[in-house]
Amino acid sequence: MTGGRAIRAETRKLLSLPATYFTLLGTLGVSAILSTAFSRQDVSPVGHTQAGFIVLGVIAVTSEYSGGQIHRTLTAMPRRITQHLAKIAALLIVAAPAAVLTVLAGGPRSAVVGASAYLTLTTILSATVATVLRWSVPAVAGLLGYYFIAGPLLRDRAPFAAYLPDAASHDLRSLGGSAVVLGWVLVAVGISAATFHRRDA
Amino acid sequence: MRAYRGELRKLTSLPSVWAAVAVGVLLPAALTFLNASAAARRGGNVDLGFQELAFGVVGAIILGVVAVSSEYTTEGENAGGGRQITTSLMVVPSRRRLLITKLAAMSTLVAALAAVSSTITLMTVEAPGASDFGRLPGVVLYWVLTALLASGLTLLTRNGILPLTVLILNTSVVTVTYLLAKLTPLAAFFPDLAGFRMFIERVDLPVQLAPVTGGLVMTAWVAALLAAGFLVFRGRDA
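On a predicted model such as this, the values are computed, not experimentally measured, just so you know.

Concerning the overall build of chain B
Turning to step 1, where the next piece is worked out: In terms of helices and strands, chain B carries 11 helices and 0 strands.
Turning to step 2, where the next piece is worked out: Along the chain direction, N to C, the helices and strands of chain B fall in the order α-α-α-α-α-α-α-α-α-α-α.
Turning to step 3, where the next piece is worked out: At 18 Å, chain B has a C-alpha radius of gyration in line with the 18 Å of a compact globule built from 238 residues.
Turning to step 4, where the next piece is worked out: Across the 238 residues that make up chain B, the buried fraction comes to 51%.
Turning to step 5, where the next piece is worked out: Looking at chain B alone, contacts between residues at least 24 apart form 72% of all its contacts between residues at least 6 apart.
Turning to step 6, where the next piece is worked out: Of the roughly 10,800 Å² of accessible surface on chain B, a fraction of 67% belongs to carbon and sulfur atoms.
Turning to step 7, where the next piece is worked out: On chain B, the mean spot of the 18 positive side-chain charges and the mean spot of the 12 negative ones are 10 Å from each other.

What follows is the structure in structure tokens.
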């Protein structure tokens, strides 16, 4: 019962942020434009799109920390693990349809399931990183630096790169890549829940 | 001068700045080390080290963004609901002077970072020639101009997320501006693609620019963005 109400509250909070709409509409627009412009070039389809979902995951968490919203949140819902899982669930509820829409607008349509699953999971992963860091600028810089610079460079040079959380972005049709991301997400949610549970708000 | 010292101290007190310094030094050196053997097998690469320094500019981007955005964020429990910018403007009421000293302090840091990073990176290249060291000023200028570009964008948005996203995305392995250059030759005049010419010799782009021309094009972009940023900063409430 409490869980359901917590999820409803978190979803309403997330949907009340102008930044959520700004990010999602921006991602949708940019993705549509890029896919039209670069349709003839061999570019990873979700390559640039995932930036928007990374930002969404970070904003969902760090908005709690600008201006002390987190104190109000924890007064209303003192059970931290429940609160944290409710936030993740709310993010899933918002990110999954957005991911499907973005993939339909930008492609690849042949891999809608894989691509949307990947984008949704990446949103959750970003939220867990932001939970541990609590500041939006380091979280965004670190995540984008990894997904757009370190990750692609490692892919060609290291054999273990196939097991990193960004590997699936290049092979969306096989669900094995998404399974790897799911594994990372489960571990990351565990870590972020434990951190959030133990630390001062 | 005291305002400049103050800005320098504010910057060096930020953990993000030191993280950016670490990224700026370690990323290009490590990449060059990894790429050196592959380049040797393919019979040498005139741009070895310099291509990697173009990725290392992400350190300069973070510095440029954080220098401005740190004045506006209220995240963290110690912020007390206030923003640094109100204090900064109380101490240095002239907005022009505040902005100039801030950008000067940030540029000093980035120039030092670029000089150190490019020297270390060139050390990892086997037997760099004298002409390679001649390209180092180009690297330093490119990093400083990119950081100023980042600051100019952040002045407009007052929030670090958008400029960081746009600029880091465009530092990625396949940059958006590079893809645009496949569609229209005009894209070669984007600040990053024009600025590259200052230190990269082999560029696969439809328009060829001399190093000095490329630098001037990039400077024009930076000047325009900073002018817009300053007008907005002067005109609005803190």
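Additional details are given in the paragraphs that follow.
Looking at the overall build of chain A
Turning to step 1, where the next piece is worked out: Looking only at helices and strands, chain A has 8 helices and 0 strands in total.
Turning to step 2, where the next piece is worked out: The linear arrangement of helices and strands in chain A, starting from the amino end, is α-α-α-α-α-α-α-α.
Turning to step 3, where the next piece is worked out: In terms of C-alpha radius of gyration, chain A reaches 17 Å, essentially the compact-globule figure of 17 Å for 201 residues.
Turning to step 4, where the next piece is worked out: Each principal axis of the C-alpha atoms in chain A carries an extent, and together these give about 55 × 35 × 30 Å.
Turning to step 5, where the next piece is worked out: Within chain A, the proportion of its 201 residues that are buried is 52%.
Turning to step 6, where the next piece is worked out: Taking contacts inside chain A between residues at least 6 apart in sequence as the whole, the part at least 24 apart equals 77%.
Turning to step 7, where the next piece is worked out: On chain A, roughly 9,200 Å² of surface is accessible, and the fraction owed to carbon and sulfur atoms is 68%.
Turning to step 8, where the next piece is worked out: Charge separation in chain A, taken as the distance between the mean sites of 16 positive and 7 negative side-chain charges, equals 11 Å.

Focus on the interface of chain B and chain A
Turning to step 1, where the next piece is worked out: Listed as interface residues are 29 residues of chain B and, on the opposing side, 28 residues of chain A.
Turning to step 2, where the next piece is worked out: Summed over the shared surface of chain B and chain A, the number is 0 salt bridges.
Turning to step 3, where the next piece is worked out: Counting across the chain B and chain A interface gives 0 residue pairs in polar contact (both at pLDDT 80 or more).
Turning to step 4, where the next piece is worked out: Those elements that provide at least two residues to the side of chain B that touches chain A are helix H2 (15-41), helix H3 (50-69), helix H8 (161-169) and helix H9 (176-183) of chain B.
Turning to step 5, where the next piece is worked out: Each residue belonging to the side of chain B that touches chain A can be placed in one class, and the counts come to 17 nonpolar, 9 polar and 3 charged.

As for the nonpolar core
Residues and elements named next belong to chain B.
Turning to step 1, where the next piece is worked out: With 113 residues, the main nonpolar core has Trp143, Leu164 and Phe199 as its most contacted residues.
Turning to step 2, where the next piece is worked out: The greatest single-element share of this core, amounting to 14 residues, is contributed by H3.
Turning to step 3, where the next piece is worked out: Here Phe199 is in contact with Asp47, Phe50, Ala54, Arg135, Gly138, Val139 and Tyr142, once residues within four sequence places are set aside.
Turning to step 4, where the next piece is worked out: One finds Ala188, Ala194, Val207 and Leu209 within the second-largest nonpolar core, a separate group that totals 5 residues.

Let's talk about the side chain of Lys87 of chain A
Turning to step 1, where the next piece is worked out: Following the sequence through the fold, Lys87 of chain A ends up in helix H5 (residues 80-106).
Turning to step 2, where the next piece is worked out: Excluding anything up to four places from it in sequence, Lys87 of chain A contacts Glu10, Ala60, Val61 and Glu64 of chain A.

A word on unusual backbone geometry
Residues and elements named next belong to chain A.
Turning to step 1, where the next piece is worked out: Phi is positive for Arg134, which is not a glycine, with a value near 70°.
Turning to step 2, where the next piece is worked out: Locating Arg134 in the fold gives a position in the loop between helix H6 (112-133) and helix H7 (136-157).
Turning to step 3, where the next piece is worked out: The buried category is assigned to Arg134, whose relative accessible area is 17%.

Criteria and thresholds
- Residues numbered from 1 in each chain as written.
- Chains lettered and ligands numbered in written order.
- Predicted model: local features only at pLDDT ≥ 70, side-chain atom pairs only at ≥ 80, totals over all residues.
- Heavy atoms only, no water.
- Helix = DSSP H or I, 4+ residues; strand = E, 2+ residues; numbered from the N terminus.
- Rg over C-alpha atoms; globule rule 2.2 N^0.38 Å.
- Buried < 20%, exposed > 50% of the residue type's maximum accessible area, 1.4 Å probe, protein only.
- Contact = heavy atoms within 4.5 Å.
- Areas by Shrake-Rupley, 256 points an atom, 1.4 Å probe, with all protein chains shown as cover.
- Lys, Arg positive; Asp, Glu negative; His and termini not counted.
- Charge placed at Lys NZ, Arg CZ, Asp CG, Glu CD.
- Salt bridge = Lys/Arg side-chain N within 4 Å of Asp/Glu carboxyl O.
- Polar contact = N/O pair within 3.5 Å; in protein donor to acceptor, adjacent residues only side chain to side chain.
- Nonpolar A, V, L, I, M, F, W, Y, C, P; charged D, E, K, R; others polar.
- Core = buried A, V, L, I, M, F, W, Y, C linked by side-chain atoms within 4.5 Å.

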